[in-house]
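Residue-level listing of the chains:
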Amino acid sequence: MSNAIYTSLARQQGLMQEMQVVANNLANSSTTGYKTDRAVFAEFLVSAGDSQDSVSMGGLAGHTFKMAPGEMKFTGGEFDLAVQGEGFFVLQTPQGSRLTRAGHFQLSSEGALIDGLGNGVLGAGGNPITIPPDAAQVSIGSDGSISANGQLIDRVGVVKPQGELLRDSNTFFEAPEGFAQFEEATVVQGALEQSNVSPVLEVARMIEVQRAYEAGQAMMEREDDRISQLITSLRER
Amino acid sequence: MKSLQIAASGMAAQQTRVDVISNNIANMSTTAYRPRVAEFSDLMYQQYLTPGTITSQVGTVVPAGIQIGTGVRPSTVSMQITQGALSQTDGELDIAIDGSGFLEVTLPSGEAAYTRDGKLNRSPTGEVVTMDGFPLADGIVIPDDAQRISISRDGEVVAYFSDNAVGQPIGTISLVRFVNEKGLEALGDNMFRETEASGPANRLVPGTEGVGLLRQGFIEESGVDVVQEISDLIEAQRGYELNSKVITASDEMLAATTRMR
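Residues numbered from 1 in each chain as written. Chains lettered and ligands numbered in written order. Predicted model: local features only at pLDDT ≥ 70, side-chain atom pairs only at ≥ 80, totals over all residues.

Details of the interface of chain A and chain B
Move 1: Taken together, the contact pairs 54 residues of chain A with 59 residues of chain B.
Move 2: When contributions to the side of chain A that touches chain B are tallied by element, the ones reaching two or more residues are helix H1 (3–27), strand S1 (37–47), strand S2 (54–65), strand S8 (106–107), strand S15 (166–167) and helix H2 (199–236) of chain A.
Move 3: Residues of the side of chain A that touches chain B, tallied by class, amount to 21 nonpolar, 25 polar and 8 charged. (Contact = placed C-beta atoms within 7 Å. Helix = DSSP H or I, 4+ residues; strand = E, 2+ residues; numbered from the N terminus. Nonpolar A, V, L, I, M, F, W, Y, C, P; charged D, E, K, R; others polar.)

Here is the structure:
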């Protein structure tokens, strides 16, 4: 069959997947601590037949996420935390430790600091943080130190991953190669980090994807016409 | 074509946000109302190519892999713990809580409910009741011939009579504190119920162990910041529109596919 059709088909498949990435970014434009996804395309070569020639096709090869910080939204919440600059909070989930930039925390009925799903937030020492029940006004310093009634309770753990991060749902990241305590981290109390999705860029990308898809479609139609014309003219001979 | 469903989840999320915002704005004059805020989180990721997959015998690995997200969902709608402004009413039985804590109310079922709405009244039998007629759990009864009632900042209720300049203590109002106030279940009518997540009710004297003080003659206004709500509303509306654009674009891509021969 025609290589031109296969080449466009590979492109079309890739564009469909990229559309999903754009849709997911826009759907998460209000998700606290969300990081924009980026699709990376790469060329792959396929042998075109008996000769030495080859055809180059494009396909989705990988993913990156834009780690740039999102905007800070001041909420005034006592346990709404954000990391300024680099670093992640660590949560103790049933699947193991997970990193997150979404610091919308609250207290459990036992006074442990937890996220919206009930996962415990870990302190700098790697243990879950517990706030005494009689603490009136909990204040969290820029280095993450938690104090109430003039006494130091614990310190919010902020870590830096070692190696690549793996994306998980609920704005969690998994660090398969582990993570280390990041001492220079800056924690902001009463603020939440917004999604870092830029709607303008995403919409521009969306239009680009859509038009490229239509162009690919037109290309395939032309190719189809060309082949059918070829067949007709051959038959007429 | 998953982008259609992904964009639909985005529209649903923004819709939830508008619902929450509209409820906040509707309650901008509700006594002691605490604004709610919707939080979102991303859905699971489809792993087409897991990062770290070995790509050769010499041990090279895929650095980033291919993970495609599947949309968004509302994760929590939580109460913002804010102190509303106190407005002076000079009502004898109007009390505002300055700080954290709740008044305990006994529901007709005998169950306890908690409220910050201190617009109290006297029942025909002299009992101190809420606007709905539910008595305070502290069981304060005001004598018929009492001329004036004074409520101290730490909750002591004193009745004054015409024949005696010295007041007579008739009870104390205590405040209830929860470890996790956000875990309370809203019952409507400004009332809340204790849940597993809130922790047990902890009855305290006002002004001790972190609970607030009482202020007679004041009520707490709604904690809704209208400017904030309106700017959130605009954001939610634009977010909704952006997601609908994705649906249009995906639809056009599908239309292009179906035109293919």
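That was the structure; now back to the text.
With respect to the sheet that holds strand S13 (residues 151–155) of chain A
Residue and element names in this part refer to chain A.
Move 1: Taking strand neighbours across the sheet as the criterion, the 3 strands line up as S11-S12-S13 in an open arrangement whose pairing is antiparallel. In this open sheet, the two edge strands, each paired with only one partner strand, are strand S11 (139–140) and S13.
Move 2: Pairing of strand S12 (residues 145–148) with S13, which is carried by 4 bridges, proceeds in the antiparallel orientation. Considered in S13, the bridge of serine 147 is made with leucine 152. (Pairing = 2+ DSSP bridges.)

Observations concerning unusual backbone geometry
Move 1: Positive phi values are uncommon outside glycine, yet A:Asn149 reaches one of about 50 degrees.
Move 2: Relative to the assigned elements, A:Asn149 resides in the loop between S12 and S13.
Move 3: For A:Asn149, a count of 13 C-beta atoms within 10 Å gives the class partly exposed.
Move 4: At B:Asp90, a position not held by glycine, the phi torsion is positive, near 65 degrees.
Move 5: Its place among the elements puts B:Asp90 in the loop between strand S5 (86–88) and strand S6 (95–98).
Move 6: A residue is classified by how many C-beta atoms lie within 10 Å of it, and B:Asp90, with 8 of them, is exposed. (Buried ≥ 20, exposed ≤ 12 C-beta atoms within 10 Å, placed from the backbone.)

Some points on the sheet that holds strand S4 (residues 80–84) of chain A
Residues and elements named next belong to chain A.
Move 1: Here we have 3 strands laid out as an open sheet, ordered S7-S4-S18, and antiparallel in their pairing. Looking at strand neighbours, the two that pair on one side only are strand S7 (103–104) and strand S18 (186–189), the edges of this open sheet.
Move 2: Bridging between S4 and S7 involves 2 bridges; their strand directions are antiparallel. Paired with leucine 81 across the bridge in S7 is glycine 103.

A word on the packing of H2(A) against helix H2 (residues 226–259) of chain B
Move 1: As a packed pair, H2(A) and H2(B) sit with axes 9 Å apart at the nearest point and diverge in direction by 5 degrees. Of the possible angle classes, the one that applies to H2(A) and H2(B) is roughly parallel. Of the residues in H2(B), those in contact with A:Pro199, A:Val203, A:Met206, A:Gln210, A:Tyr213, A:Glu214 and A:Gln217 of H2(A) are B:Leu242, B:Lys245, B:Val246, B:Ala249, B:Glu252, B:Met253, B:Ala256 and B:Arg259.
Move 2: Within the contact of H2(A) with H2(B), the residues separate by chemical class into 9 nonpolar, 2 polar and 4 charged. (Axes fitted to C-alpha atoms, helices over the stretch in contact; angles between N-to-C directions. Parallel < 35°, antiparallel > 145°, perpendicular 65-115°, else oblique.)

A look at the environment of B:Gln147
Move 1: Secondary-structure assignment places B:Gln147 in the loop between strand S10 (128–129) and strand S11 (148–151).
Move 2: Apart from residues no more than four positions distant in its own chain, B:Gln147 is found in contact with B:Tyr160, B:Phe161 and B:Ser162.

Comments concerning the nonpolar core
Considering soluble globular proteins, one finds that nonpolar side chains tend to be buried as a cluster.
Move 1: Membership of the largest hydrophobic core comes to 59 residues, with the highest contact counts inside it found for A:Phe89, A:Leu113, A:Val121, A:Val156, A:Val158 and B:Tyr114.
Move 2: With 4 residues, the single largest contributor to this core is strand S5 (residues 88–93) of chain A.
Move 3: Among residues more than four places away in sequence, those in contact with A:Val121 are A:Phe89, A:Leu91, A:Phe105, A:Leu113, A:Ile114, A:Asp115, A:Pro128, A:Ile129 and A:Val156.
Move 4: The next biggest cluster of nonpolar side chains, apart from the first, holds 32 residues, and it includes A:Val21, A:Leu26, A:Met206 and B:Phe40. (Core = buried A, V, L, I, M, F, W, Y, C linked by C-beta atoms within 7 Å.)

A short note on the packing of H1(A) against H2(A)
Residue and element names in this part refer to chain A.
Move 1: Closest axis-to-axis distance for the H1/H2 pair is 9 Å, and the angle between their directions is 160 degrees. Compared by their axis directions, H1 and H2 come out roughly antiparallel. In the packing of H1 onto H2, the handedness of the crossing is left-handed. In contact with Ala4, Ile5, Ser8, Arg11, Gln12, Leu15, Glu18, Met19, Val22, Asn25 and Leu26 of H1, H2 contributes Pro199, Glu202, Arg205, Met206, Val209, Ala212, Tyr213, Gly216, Met219, Met220 and Glu223.
Move 2: In the contact of H1 with H2, the residues fall into 13 nonpolar, 4 polar and 5 charged. (Left-handed = near helix turned anticlockwise from the far one by under 90°.)

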